[in-house]
Amino acid sequence: MKILVLVRDGDIRHTVISALQTEKFEVLQPDSAKKAIATLETDPDIDLLIAEPCSPSDEKTCIVSYLKSSPRISWIPVVAVKAELDSDTLHMCLKLGVN
């Protein structure tokens, strides 16, 4: 499973990516919403987007809104990350299928 992670907060991003990599998911980490959109548009193998509900960037682009308004990629599920979780809690949520 290929997961695109766009989370601005470094602690949250590190926890999410670490947990996903521990579970052997392929993780992509664009450094801006603009690059995330380009990745979503060009990589047909993206299975999931994990992002802040609206990830601020220099481009002032809201990745979740863009994804949901684009018919070609709107099917990609989104997990919104807004609060900091410890790694153990995140692992448990992932194993239970909680998003």
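Preceding this section is the structure that the text describes.
This is a predicted model, so every value here is computed, not measured.

Criteria and cut-off values
- Residues numbered from 1 in each chain as written.
- Predicted model: local features only at pLDDT ≥ 70, side-chain atom pairs only at ≥ 80, totals over all residues.
- Heavy atoms only, no water.
- Helix = DSSP H or I, 4+ residues; strand = E, 2+ residues; numbered from the N terminus.
- Expected span 1.5 Å × (residues − 1).
- Buried < 20%, exposed > 50% of the residue type's maximum accessible area, 1.4 Å probe, protein only.
- Core = buried A, V, L, I, M, F, W, Y, C linked by side-chain atoms within 4.5 Å.
- Contact = heavy atoms within 4.5 Å.

With 13 residues, helix H1 (residues 10–22) extends 18 Å from end C-alpha to end C-alpha; this agrees with the ideal 18 Å at 1.5 Å per step. Where H1 is concerned, the buried positions are Ile12, Thr15, Val16, Ile17, Ala19 and Leu20. Lys24 occupies a position one or two residues after H1 and carries a positive phi of about 70°.

This part covers the nonpolar core. Membership of the largest hydrophobic core comes to 13 residues, with the highest contact counts inside it found for Leu4, Leu6, Leu40, Leu49, Ile63, Leu67 and Ile76. Among the elements of the structure, strand S1 (2–6), helix H2 (33–42), strand S3 (46–51) and helix H3 (63–69) are those that each provide at least two residues to this core. Looking at which element gives the most residues to this core, the answer is H2, with four residues. Once you skip the residues sitting within four places of it in the chain, Leu4 turns out to touch Leu28, Pro30, Ala36, Thr39, Leu40, Ile46, Leu48, Leu49 and Ile50. Val5, Val27, Val79 and Val81 belong to the second largest nonpolar core, which has twelve residues in total.

Interpretation in functional terms is not warranted from these geometric data alone.
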